[in-house]
Every structure is written in C-alpha cells, then in structure tokens.
Amino acid sequence: MPGKNIQSLIESGEKFTIILGSGFHQHFLGEDSILSSWKLLLQTLSPETKLTGEYHLDFERIIKAKKITFEDSSKTEERLIKCVKELLQKEQERVLDNCFGCYPTWLFNPKFVSDVISLNFDEIPELLHKKLKVVKVSKFKNDSSFKKESKTSYPYLSTRYKAIDYGNNESIRFWHPHGIISSKKSIVLGLHRYAHMVENGLRIRNHHMKAKRNNTHDNTWYDKLLFNPVIILGAGMSPSEWDLWFALTSRERTNASHPQIFQMRECECKNHAQHQWFEPLFKGMTFDEQWKELERLFKQQ
C-alpha cells in the first residue's frame, strides 16, 4: 500500500524529523565553502595529501602524514581536530556576518518540524535563530538515560540537544550526533572516533529497547528517527554513515509499520540500492525547484 506524499502528511498535522547534511550549505553557499565540502575542508587541512573521497580514511592518512616523530597518533589526531574546529569556527563566523540572508529560516517551522538531526559540525541554523532575536535558544541539555554520564563522554555529548522555543508551546530540538565545533571532544572524524560512535549507537538502541519494554521513550536523536516521518536534506547517506543506517534499518526490523523517509535527490532510479530505503521528496524537479516547493508547503498556514 503506497504511503502518503509529503503534502498529505503536512495537511494531516504530522511533524517531521529533518536530517541535515553538508549539501544544505552547498545549496545556499555554493561549493567554495569548507562548510559545503568535506573534500575542501580536508584539502585545507592538508593540501599535500591526495584524497580518495573516503573521508574518514583520508583523515587517517592525514594523521599519518602530519605525525611528528615520537608523537603518539592520538595526540596528532587531537591536534588536527583542533585545527578543524578553528577552520570551521572562522568560516561559521564569516557566514553569520556576511551570508545572513542566504539560508531558509522558513525550513525550521515548528508547525511541521519537531527535530533536526544535523550531520554537520557547525551550529549555523541555531545561531541564525539566535541572531533573529525573536525566539529563545536554550543551552545544551540532556534528558535522556545518558544524562548522568560524564559530560565529556561521547554518550552524553551525542545525546544532548538545543531547543529553540518559538512561543505558544512550539519548539524544535537540534541534535548533533557527529559533534559540534564548540566542543572539540564531540567531533567525530577518523575511523577511531567513528568506531566509538557506532558502538555508542548500539548503546542508544539498547537503552531505547529497555525504555520500550517499560512503555516509555528515551529522549535521543535515535528515538526521533524511529517515530517521526523523516526528510533528508543535503545528505547523500553514503554507506559509511553506519550510525544512521543502523538506526534506520533497526526501525525497519523492529516496527511492523513506521513513518516514511523522504530524501531530496536528483536521481529517481529505483535500482539504486539506497533509494530502496527512501522515497523521493518530489519527483521530476531540479534541486532549486524542490527547495521552492518545500518552501511553499512550509510557509502555508
């Protein structure tokens, strides 16, 4: 039985979880920003390293190339992640100063969106809202079952969120499971940190299953992927996104029925393996046309 299209879900009052990737920046900033391109970010970090496009492996190659004699590799990794943090912070500041009108603040409409899961290290959507001064942006909070863990541990950092309060009991939670530049320890880059993230994904699922047996919910980004319809914007969802694929396939395994997942994409070919999991957001439209149509739907009263 075919599911509803996005307009039908909006009209029925459903609220979406949005997955936001670097393509979000690419569409509104172009390809010349390190926020838009992993390749450009890593080239800026290490111009002499030849990149393969497998960016977690490329980062490991950069660690190897930049390692100082007798320096522990973990120290090299920490030093490079600090450089990534500084590069992205500088670019974030530039964008907030000079590109304030570039971004679609209409996308974050609490009538239609309850949660945003950002795969990016920046906080531009949240900081744009703060700059508008018409909403309240909370500090990071954690009210999941991981809230009592060390505040510097990855389980704690990956399950906290910021809430934007729009008034009238309307809000949107912003999650950063891959980390943010304001917290160097939270940034997931390279295979070692990625492996810890996948391990943590298993823990989050186990906590979710325990809460489910007790007829409750654990308030994490994982939970928001299971029970809400999902819109993927600016994220190609490559096979290396293990944590997200684990969450998305887990909901297929454990739930007899589940909300739909829409992806904004160019290719509508059903023989593409990953597209067997997602439905096209809109058909027969360019990216520009899809953004305009989404704007029309999200701006309707």
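Just above, that's the structure.
Figured I'd write up the structure that's included with this text. None of the values given here were measured: they were computed from a predicted structure. (Residues numbered from 1 in each chain as written. Predicted model: local features only at pLDDT ≥ 70, side-chain atom pairs only at ≥ 80, totals over all residues. Heavy atoms only, no water.)

1. So, the pattern of salt bridges
Alright, step 1. In this structure the tally under the stated criterion is 13 salt bridges.
Alright, step 2. The salt bridge partner of Glu78 is Lys184, with a shortest N-O separation of 3.8 Å. With Glu78 in helix α5 (residues 73–98) and Lys184 in the loop between β5 (170–175) and α8 (191–213), this residue pair connects regions lying 106 residues apart in the sequence.
Alright, step 3. Judged by relative accessible area, Lys184 falls into the partly exposed class, the value being 27%.
Alright, step 4. Arg203 is the partner of Glu149 in a salt bridge, and the nearest nitrogen-oxygen pair spans 2.6 Å. Taken together, the residues Glu149 in the loop between β3 (136–137) and α7 (154–158) and Arg203 in helix α8 connect sequence positions 54 residues apart.
Alright, step 5. When its relative accessible area of 24% is taken as the criterion, Glu149 is described as partly exposed.
Alright, step 6. Of the residues examined, Arg203 reaches a relative accessible area of 32% and is grouped as partly exposed. (Salt bridge = Lys/Arg side-chain N within 4 Å of Asp/Glu carboxyl O. Helix = DSSP H or I, 4+ residues; strand = E, 2+ residues; numbered from the N terminus. Buried < 20%, exposed > 50% of the residue type's maximum accessible area, 1.4 Å probe, protein only.)

2. Points about the packing of helix α3 (residues 38–45) against α5
Alright, step 1. Two elements in contact, α3 and α5, have axes whose closest approach is 10 Å; the angle formed by their N-to-C orientations is 120°. Crossing of α3 over α5 shows right-handed handedness. Here Leu41, Thr44 and Leu45 of α3 lie close against α5, whose contacting residues are Leu80, Cys83, Val84, Leu87 and Leu88.
Alright, step 2. Here the contact of α3 with α5 is composed, by residue class, of seven nonpolar, one polar and no charged. (Axes fitted to C-alpha atoms, helices over the stretch in contact; angles between N-to-C directions. Left-handed = near helix turned anticlockwise from the far one by under 90°. Contact = heavy atoms within 4.5 Å. Nonpolar A, V, L, I, M, F, W, Y, C, P; charged D, E, K, R; others polar.)

3. Re the packing of aromatic side chains
Alright, step 1. In this structure the tally under the stated criterion is 15 aromatic pairs.
Alright, step 2. Ring geometry for Trp106 and Trp291: centres 6.2 Å apart, planes at 70°, overall edge-to-face. In this pair, Trp106 is assigned in the loop between α5 and β2 (113–118) and Trp291 in helix α11 (residues 287–299), connecting sequence segments 185 residues apart. Like Trp291, Trp106 is buried.
Alright, step 3. Plain terms: the ring middles of Tyr194 and Trp242 are 5.3 Å apart, the flat faces sit at 75° to each other, and that makes the pair edge-to-face. Placement of the pair is Tyr194 in helix α8 and Trp242 in helix α10 (residues 242–254), with a sequence separation of 48 residues.
Alright, step 4. For Trp242, a relative accessible area of 41% gives the class partly exposed.
Alright, step 5. One aromatic cluster is present, built from ring pairs that chain together Phe24, Phe28, Tyr103, Trp106, Phe108, Phe112, Phe174, Trp291 and Phe298. (Phe/Tyr/Trp six-rings, centres within 6.5 Å; stacked < 30°, edge-to-face > 60°.)

4. Looking at α3
Alright, step 1. Of the residues making up α3, those classed as buried are Leu41, Leu42 and Leu45. The buried residues of α3 occupy an angular sector of 90° when the element is viewed end-on, so they sit on one face.
Alright, step 2. By the N-cap criterion, in which a side-chain oxygen at the helix start approaches the backbone nitrogen of a residue two or three places on, α3 is capped by Ser37, the distance to Lys39 being 3.3 Å. (Arc of directions from axis to C-beta. Polar contact = N/O pair within 3.5 Å; in protein donor to acceptor, adjacent residues only side chain to side chain.)

5. Structural notes on the nonpolar core
Alright, step 1. In terms of nonpolar packing, the biggest core is built from 51 residues, with Ile6, Leu107, Leu233, Leu281, Trp291, Leu294 and Phe298 touching the most fellow members.
Alright, step 2. A total of six residues in this core trace back to one element, the largest contributor, which is α5.
Alright, step 3. Sequence-distant contacts of Leu281, that is, excluding residues within four places in its chain, are made with Ile6, Ile231, Leu233, Phe262, Gln263, Met264, Gln290 and Leu294.
Alright, step 4. If you look at the next biggest cluster of nonpolar residues, it comprises 22 residues, including Leu119, Phe146, Trp175 and Phe278. (Core = buried A, V, L, I, M, F, W, Y, C linked by side-chain atoms within 4.5 Å.)

6. Focus: the environment of Ile124
Alright, step 1. Its location among the elements puts Ile124 in helix α6 (residues 124–132).
Alright, step 2. For Ile124, a relative accessible area of 0% gives the class buried.
Alright, step 3. When the C-alpha positions of Ile124 and Gln92 are compared, they lie 6.8 Å apart, and in sequence the two are 32 residues distant.
Alright, step 4. Setting aside residues no more than four positions away along its own chain, Ile124 makes contact with His25, Leu35, Gln92, Val95, Leu96 and Tyr103.

7. Quick word on the sheet that holds strand β8 (residues 279–280)
Alright, step 1. Ordered by their spatial adjacency, eight strands build an open sheet running β3-β4-β5-β2-β1-β6-β7-β8, and the pairing between neighbours is mixed. With partners counted over all chains shown, the strands left at the sheet margins are β3 and β8, one partner each.
Alright, step 2. Inspection of the sheet shows strand β6 (residues 230–233) paired to strand β7 (residues 261–263) by three bridges, in the parallel sense. Residue pairing in the sheet places Ile232 in a bridge with Gln263 of β7. (Pairing = 2+ DSSP bridges.)

8. Some remarks on unusual backbone geometry
Alright, step 1. In this structure, Asn168 is a non-glycine residue whose phi angle is positive, near 55°.
Alright, step 2. With respect to the element layout, Asn168 can be found in the loop between β4 (161–167) and β5.
Alright, step 3. Residue Asn215 is not a glycine yet carries a positive backbone phi of 60°.
Alright, step 4. Checked against the element boundaries, Asn215 lands in the loop between α8 and α9 (221–227).
Alright, step 5. Given a relative accessible area of 74%, Asn215 falls into the exposed group.

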